[in-house]
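# Geometric and topological summary
Below, each chain spelled out in residue letters.
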Amino acid sequence: MAEIRLPKVEQGQTKIRNVPIAVTPEGFWCCPSPVGFQKTLKSQKPLNKPKPSSPPPQVTAHKKQIPVTEKKPMTTPIKPAGTYGDQRTFTPVNHGISAPVVPERVPRPKVEHVPRNVAIEYGEPGTSDMKVILHGKQGFCVKLSVHKKVLMEHSCFFTDKLCGQEPGSSCLEIDDCEDVESYVETVGLMYCKEMKQRLIKQSVSRVLRILKVAELLGFNSCIQSCLEYLEAVPWVGEEEEDKVVSSVLRLQGEGIGVTPVLKRISSNVTNPPNDTISHIMELVLKSNEERGRREMKSVVLKLLRENNSLPSYGGPADVCNETVYTLSRSCLDSLLSLFKQAVELEPSDKSMDSREPVVKQIALEADNLSWLLEILADRQSADEFALMWASQQELATLHSKLPIVSRHHVSCITARLFVGIGKGELLPAKDTRQLLLQTWLQPLINDYNWLQHGCRSFDRKVVEEGIGRTILTLPLEDQQSILLTWLGSFLKAGDNCPNLQRAFEVWWRRTFIRPYSDAQGNVPQSDSSMASKQQD
């Protein structure tokens, strides 16, 4: 890029300090920005203190002071910057070698006295043939000395504006400029041969602002350089990614090629996403490494929940549900086979060395089924799973033939189904609920003591509430049959049996205290209080 110079101060204008080309909030290579210019004057104390003139060379600094000669000399001379319309005076910076002298304190300038106008010259000094005046918000104004040929070569916007001007006109004003700093930087890039080198050290947010101005100016080569930068640079965080994608998609709507950037978020792979999800789930289910398996199950479940929150996501008939049910059936078949293998072991061979691999595999398959059930429950699609589990009479029969240490993981699945039905997460048919209680309630009661003391994730109160509510969804005769069977077990086992007292009380009131009569057309007033107690 050609050197950018700031013109000398004309007669009648106030002088200001020398402004290096690199003074901006983010250290960009161009001129001072509205914010950067103000912040520089406000925050840097040297602006408020006059610099001393150079003393004779033989004068030495005090011992505790740092001489100016220790500073690295500047390799490129800094041209003076000029303003117009400002009333404050600053002493020019002297770059000569001098001993530090404590200057007299000067009051800091107030914000309202900060210069509001800046003049910038592009290219070789004195060669510009037109002025572009940018009127920004908050009253800030920048006057650019530019070259008409350069602007017309790079910008469709300037080409249209300049061609429509009257002959001899050499000034163009742009009002309500939203981002003056980025505008100045983008114009500066028109004088730069290697735009990529200028952009390479900038932040993503800064390049996005330049891209927006380049789009407004029709500066195609700058747009392409910004897109190449965005395609190569990492995007940090979801917020930054969303900003990049929205900016790039806006350009796509205007017919600009943005495919390389968008390939980060989209793919032309022929395999549908559900095949990939199925593959990921299979990898997790087959893993034997406990920590990685546990963490990835949590991650996949969280990501699937995010998918469920999207309004356009499929319902119960979604293909992903079919994938989960296919994996569930496979795990069930494997679990049944392992139960048979454990039962068929020689009764005399009770050493843990021979049983441990089978017991460990049973625990893994049961854990897999619990995870798949959780996925289906989150997607409100677990009704078929309840029917599939309730139909496992053979598995329930083998359950009683194995020691509790080998079988209790299976009862966790039963408990989760009762909790889901009790909370309304599952709505299986009446026959399914009845079959589930007939098949798996007694095995759950048999393992209840172990679950309370051997499973950290087991919540007794939640499980008991779920069992009770599931029972109360059945016809009154079925409630009576199941609760009387439970009562016999509870009176023998006590705390080693689920406490279904609340469900028993509701059934008692329904049967003996407030019987509903088909002959009566209205409901007794006391029923409302009973219904509220049932929901408690």
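Worth saying up front: this structure is predicted, and the values here are computed from it rather than measured.

## Focus on a negative patch on the surface
On the surface, a cluster of negative charge is contributed by Glu238, Glu241, Asp242 and Glu306. At three residues, helix 8 (residues 237–252) tops the list of elements feeding residues into the negative patch.

## Re the packing of helix 4 (residues 180–189) against helix 6 (residues 204–217)
Between helix 4 and helix 6, whose axes approach to 9 Å, the crossing angle comes to 70 degrees. Relative to helix 6, the element helix 4 lies roughly perpendicular. Facing helix 4, whose interface residues are Glu181, Ser182, Tyr183, Glu185, Thr186 and Leu189, helix 6 presents Arg206, Arg209, Ile210, Val213, Ala214 and Leu217.

## Concerning the sheet that holds strand 2 (residues 130–136)
With mixed pairing, the four strands of this open sheet are ordered in space as 1-3-2-4. The open sheet terminates on both sides in strands that have one partner only, identified here as strand 1 (117–121) and strand 4 (171–177). Neighbouring strand axes in the sheet, compared pairwise and without regard to direction, differ in orientation by 15 degrees on average. Strand direction decides the pairing type here: strand 2 and strand 3 (residues 141–146), joined by six bridges, are antiparallel. In the strand pairing of strand 3, histidine 135 is matched with cysteine 141. Across the sheet, helix 3 (residues 156–163) lies against strand 2 and strand 4, angled at about 125 degrees from strand 4, the strand it touches most.

## Brief notes about the confidence of the model for the chain
The predicted model of the chain has a mean per-residue pLDDT of 76, with 69% of residues at 70 or higher. Ignoring residues within four places in sequence, the model shows residues 523–536, a span with pLDDT below 50, making 15 contacts including any to other chains.

## With respect to the packing of aromatic side chains
The full count for this structure, using the stated rule, is eleven aromatic pairs. Here phenylalanine 157 and phenylalanine 158 contribute two aromatic rings whose centre-to-centre distance is 5.4 Å and whose plane-to-plane angle is 70 degrees, an arrangement assigned as edge-to-face. The class of phenylalanine 157 is partly exposed, set by a relative accessible area of 25%. On the basis of relative accessible area, phenylalanine 158 is assigned to the buried category, the value being 1%. For the pair tryptophan 507 and phenylalanine 512, a centre-to-centre distance of 6.0 Å together with 85 degrees between the ring planes defines the contact as edge-to-face. Under the relative-accessibility criterion, tryptophan 507 is labelled buried at 3%. Site record: aromatic cluster; members linked through ring pairs are Trp486, Phe490, Phe504, Trp507, Trp508 and Phe512. A cation over an aromatic ring shows up here: arginine 264 above the ring of tryptophan 235, its NZ or CZ 4.0 Å from the ring centre.

## Some thoughts on unusual backbone geometry
For aspartate 176, which is not glycine, the phi dihedral falls at a positive 50 degrees. Inspection of the secondary structure assignment puts aspartate 176 in strand 4. A residue is classified by how much of its surface remains accessible, and aspartate 176, at 68% relative accessible area, is exposed. Of note, glutamine 380 is a non-glycine position whose phi angle comes to about 55 degrees, a positive value. The residue glutamine 380 is located in the loop between helix 13 (352–378) and helix 14 (383–390) in this model.

Reading the values: the criteria
Residues numbered from 1 in each chain as written. Predicted model: local features only at pLDDT ≥ 70, side-chain atom pairs only at ≥ 80, totals over all residues. Heavy atoms only, no water. Patch = residues over 30% accessible without salt bridge, like charges linked within 9 Å, V, L, I, M, F, W, Y side chains within 5 Å. Areas by Shrake-Rupley, 256 points an atom, 1.4 Å probe, with all protein chains shown as cover. Salt bridge = Lys/Arg side-chain N within 4 Å of Asp/Glu carboxyl O. Lys, Arg positive; Asp, Glu negative; His and termini not counted. Charge placed at Lys NZ, Arg CZ, Asp CG, Glu CD. Helix = DSSP H or I, 4+ residues; strand = E, 2+ residues; numbered from the N terminus. Axes fitted to C-alpha atoms, helices over the stretch in contact; angles between N-to-C directions. Parallel < 35°, antiparallel > 145°, perpendicular 65-115°, else oblique. Contact = heavy atoms within 4.5 Å. Pairing = 2+ DSSP bridges. pLDDT = per-residue confidence, 0-100. Phe/Tyr/Trp six-rings, centres within 6.5 Å; stacked < 30°, edge-to-face > 60°. Buried < 20%, exposed > 50% of the residue type's maximum accessible area, 1.4 Å probe, protein only. Lys NZ or Arg CZ within 6 Å of the ring centre and 35° of its normal.

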